[in-house]
2 protein chains.
Amino acid sequence: MRSVGIGLIGCGTIGKGVVELLTRNAETIARKTGLRLELRHVCEINRSVWNSITLPSGRFTADLNDILNDPETNVAIELIGGTTVAGEVVKQCLAAGKDVVTANKALLAIRGKEMFAAARAAGQCIVFEASVGGGIPLLSSLREGLIANRIDALFGIVNGTCNYILSEMATHNRAYADVLEDAKRLGYAEPDPTLDVNGTDTAHKLAILAAMAFQADIDFATIPIEGIQAIDRMDLHVARELGYACKLLAIGERNDDGISLRVHPAFIRATHPLASVSGPFNAVSVYGNAVGHCLLYGRGAGPAPTASAIVADVIAAATGNARRTFEQFQLLQDQNEPAIMKPIDAIQSRYYVRAMVKDQPNVMAQITRIFGERAISLSAITQHEAEADAPQDIVPVAITTHMAREGAMREAIKEIEKLDVITAPCVCIRVVAEHEEFKA
Amino acid sequence: MRSVGIGLIGCGTIGKGVVELLTRNAETIARKTGLRLELRHVCEINRSVWNSITLPSGRFTADLNDILNDPETNVAIELIGGTTVAGEVVKQCLAAGKDVVTANKALLAIRGKEMFAAARAAGQCIVFEASVGGGIPLLSSLREGLIANRIDALFGIVNGTCNYILSEMATHNRAYADVLEDAKRLGYAEPDPTLDVNGTDTAHKLAILAAMAFQADIDFATIPIEGIQAIDRMDLHVARELGYACKLLAIGERNDDGISLRVHPAFIRATHPLASVSGPFNAVSVYGNAVGHCLLYGRGAGPAPTASAIVADVIAAATGNARRTFEQFQLLQDQNEPAIMKPIDAIQSRYYVRAMVKDQPNVMAQITRIFGERAISLSAITQHEAEADAPQDIVPVAITTHMAREGAMREAIKEIEKLDVITAPCVCIRVVAEHEEFKA
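From a predicted model like this one, the values you see are computed outputs, not experimental measurements. Counting restarts for each chain, with residues numbered from 1 along the sequence as it is written. Lettering for chains starts from A, numbering for ligands starts from 1, and both go in the order in which the items are written. It should be noted that, the model being predicted, local features are given only for residues of pLDDT at least 70 and side-chain atom pairs only at 80 or more, the latter also being counted only at that level, while totals for whole chains, interfaces and linings use all residues. Think of the side-chain values as coming from all heavy atoms in the structure, minus any hydrogens and water.

Caption draft 1: How the structure looks around the sheet that holds strand E3 (residues 60-61) of chain A. Residues and elements named next belong to chain A. Strand pairing follows a simple DSSP-based rule, namely that at least 2 bridges must link the two strands. Here a strand is any run of E in DSSP of at least two residues, a helix any run of H or I of at least four, and the numbering for each starts at the N terminus. Read from one edge of the open sheet, six strands run E3-E2-E1-E4-E5-E6, paired in parallel fashion. At either margin of the open sheet sits one strand with a lone partner, and together these are E3 and strand E6 (126-127). Two strands pair when backbone bridges link them, and strand E5 (residues 99-102) and E6 are joined in this way by two bridges, in the parallel orientation. Residue pairing in the sheet places Val 101 in a bridge with Val 127 of E6.

Dropping the structure here:
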């Protein structure tokens, strides 16, 4: 049986999950694949970790050179995270003749082009299933099972923290801040959850998915990003009343005039399969011009699901299949032209807008006039009662529009926020229409 | 750019979908994969087809030898269907040095072992993503993205005809026979839909999935199969009242004492992602010991989605990746031991039973006594009003049980059906519990 030498770099929560999976499923993997996966080195500078898991002696090291200089280590797993040290480590591993498996979405979203070019120069490959959607076989499906399609659109729930928070708020009518505190306590949110709740993590994953789906070099800085921090439970309540669920979506669409990429909360029809993705689960809807609507669902985070993807990538590297597609297929940022990005102001959508207004006569007239002047047609207006703990003279007004241009909406909201009767920034959530399958 | 020669055998609805996809997406595929897929021969004995699609002259043939003897045809696509001629054609293609791509679930479920052994003897491979779940990347995910898992269970909705019928009956409160006629008219059911509605087609797909997921040689004849023909809309109505959806499921579970495989209608919790799979869509829930619950969803039939999987397989054959895993991985029937099948009498489940009874005193006592004697504990009993068009003195009685052994249930139902007050065979539907993730 062929042995594959592995060097693991960074042994935090995910790294420990990899060690555990390699041990627990060693026989299963050997029986399925004919490969003996041998963890030869675990490089971890925090020595307190060395005693926290049981490995044969000499496996732990604080010196990356132990991996770089070991000719029997074929595959390096980078789990350091971040875009600086991790990038240098990846390049060193590639230059030392190792294929690299990584779960580092920030690194690939921001420096992917450079990393892939380095792999190509070294005659090695980078495999990165675990960077998006945890254990869900997303990238391998884009690369293999769905390869014959022109991918027309992606709609993804790819951040478990946000999805857990929105699900909890909606199901149990709880406040954002309360649920966030719970999420931290339960381990569904980091101690500093900023990059999750502000949408940055979702955008990292969108950049990686979109580059492969649309074969384009994506400049991460050009992706418009909105998070979930401004969403109130009353918005989720209105969503449900109208037959929608509210989800933080990563959206990528291919149009005649370019690619539209964006991350924002969205109302989606309650009957769409994405609407029932709740709690810490992730899912991505892919629309291909042959396959139609295809959705992949599963746990998007956690040590065991992420390790599932990482070890699958190690196996793909070990068989040579990953290298073959890496070399032969043209799906990665360094092989494709910069994306022609459709500006967000040009997109068309329906919108939900919630304004907090002083409970005075003539308020509705002032607001509706602003929409009317921009030819934005309203489909519904609801004035809800104030929350029990809110000031009595301030009430929420919820408005949904027919199709409108984003640019016009932004202008309208800016005008509305200038009104004396408006007491806080408006919350604006796009009502996302079901993507049409088999578009010409 | 490397050219890959393709011979297509059988040009019915799916074959035409393949021809269309190869034409329509030729540039997309070439750009993504670096491969030029060249359709060199279309073997079709029905010459009326020859004029129904436009191909360069000389592509159509009625002689398989044109494919077998062409050294530049690398991959043969078998779309004849059935288990006899198709099997011989596959073996001839393999012996002639072609890799074979097939969508033929019956052939692989029943003669898979023989086909795979023939491929191995010829030094070729068989790829068959399209045989299960149309365009959904199911088998490639079992083979690659999820390879590091011990797969513990599969729950699949893999027959679009049945799913369409059950969805329509439930949503619009329509009768089975009416919906079936509609399904035929709309092309969602074959003119003779027997193999779909009686569960055979679902069992073919289960055999293929289970062999790969559980690494076992499955004897198709040992799979217990029930179809949807006996289901009445009142059963679907009760399901909804109780918080369930009724679906025809392919179920595979790995237990300490063997593998349990079965096809039957089932009540599943309305909140389970499978419950919202409606109309012609398919989905399979896979439970891996590392990834947890993973679900893959999409169109399970139709020319374009099926062609999406077929062409992906052609590409996997052309790159050599398919051959590498075919040779090196141990996932197929000819490489594994016969499955140890857990008898269906030994499974434990909750049950829904609907009996049609004469509206007389003491009926309930007679029925409940029979369950009681077998220690089957009931969780609910409802006597519904008769349907408007039913005889007035016959009413349905719906019973749900707590966990019970299948063998005891079958005995109980046999006894109940002997009662004088029972006017028709009972309908018995298993209430399938959510599979537990990460079972030890």
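From this point, the narrative continues.
Caption draft 2: Quick peek at the relation of the copies chain A and chain B. In this comparison the copies share one frame, found by least squares on the C-alpha atoms of residues holding pLDDT of at least 70 in both. For the match of chain A to chain B, the screw axis carries a shift of 0.0 Å, the RMSD comes to 0.1 Å, and the turn is 180 degrees. Both copies of the chain, as the preceding transformation shows, are related through a two-fold rotation axis. The rotation axis passes nearest to the C-alpha of Leu296(A) in chain A, at a distance of 2.4 Å. Residue contacts are counted whenever heavy atoms from the two residues lie within 4.5 Å of one another. Comparing interface residues between copies, 100% of those in chain A also lie at the interface in chain B; the contact surface is shared.

Caption draft 3: The arrangement of helix H8 (residues 176-186) of chain B in detail. Partly exposed describes any residue whose relative accessible area lies between the buried limit of under 20% and the exposed limit of over 50%, with all areas from a 1.4 Å probe on protein chains only and scaled to the type maximum. Turning to H8(B), its buried residues number three or more, namely Tyr176(B), Val179(B), Leu180(B), Asp182(B) and Ala183(B). In an axial view of H8(B), the angular spread of the buried residues amounts to 160 degrees, which keeps them on one side of the axis. This arc describes the spread of directions from the helix axis toward the C-beta atoms.

Caption draft 4: View of the domain arrangement of chain A. Segment limits for the domains were obtained from an automatic or database-derived domain assignment. When the domains of chain A are assigned, the result is domain 1 (2-135 + 305-334), domain 2 (138-300) and domain 3 (345-431). Each of domain 1 of chain A and domain 3 of chain A was reduced to a C-alpha centroid, and the two centroids are 49 Å apart.

Caption draft 5: Main features of the interface of chain A and chain B. If you look at the interface, chain A gives 55 residues, while chain B gives 55 residues. The term buried area means the drop in 1.4 Å probe accessible area that two parts suffer when joined, counted for both and summed. Here chain A packs against chain B, burying approximately 5,000 Å² in sum over the two surfaces, 49% of which is carbon and sulfur. In terms of surface lost to chain B, no three residues of chain A exceed Arg31(A), Lys32(A) and Tyr297(A), which account for 15% of the buried area on that side. Only one rule defines a salt bridge in this text: a Lys or Arg side-chain nitrogen within 4 Å of an Asp or Glu carboxyl oxygen. On the surface where chain A and chain B come into contact, there are two salt bridges. With a shortest N-O distance of 2.6 Å, Glu437(B) and Arg299(A) are connected by a salt bridge. Under the rule applied, a polar contact is a pair of N or O atoms within 3.5 Å (in protein, one hydrogen donor and one hydrogen acceptor; residues adjacent in sequence only if both atoms are side-chain atoms). Across the chain A-chain B interface, the total number found is 27 residue pairs in polar contact (both at pLDDT 80 or more). Taken together, the elements giving at least two residues each to the side of chain A that touches chain B come down to helix H1 (13-24), helix H2 (26-33), helix H6 (138-145), strand E11 (292-299), helix H12 (303-319) and helix H13 (321-328) of chain A.

Caption draft 6: Region of interest: the environment of Ala130(B). Residues and elements named next belong to chain B. Position of Ala 130 relative to the elements: it lies in the loop between strand E6 (126-127) and helix H6 (138-145). Using a relative accessible area of 7% as the deciding quantity, one classes Ala 130 as buried. Sequence spacing of Ala 130 and Ala 290 is 160 residues, and the spatial spacing of their C-alpha atoms is 26 Å.

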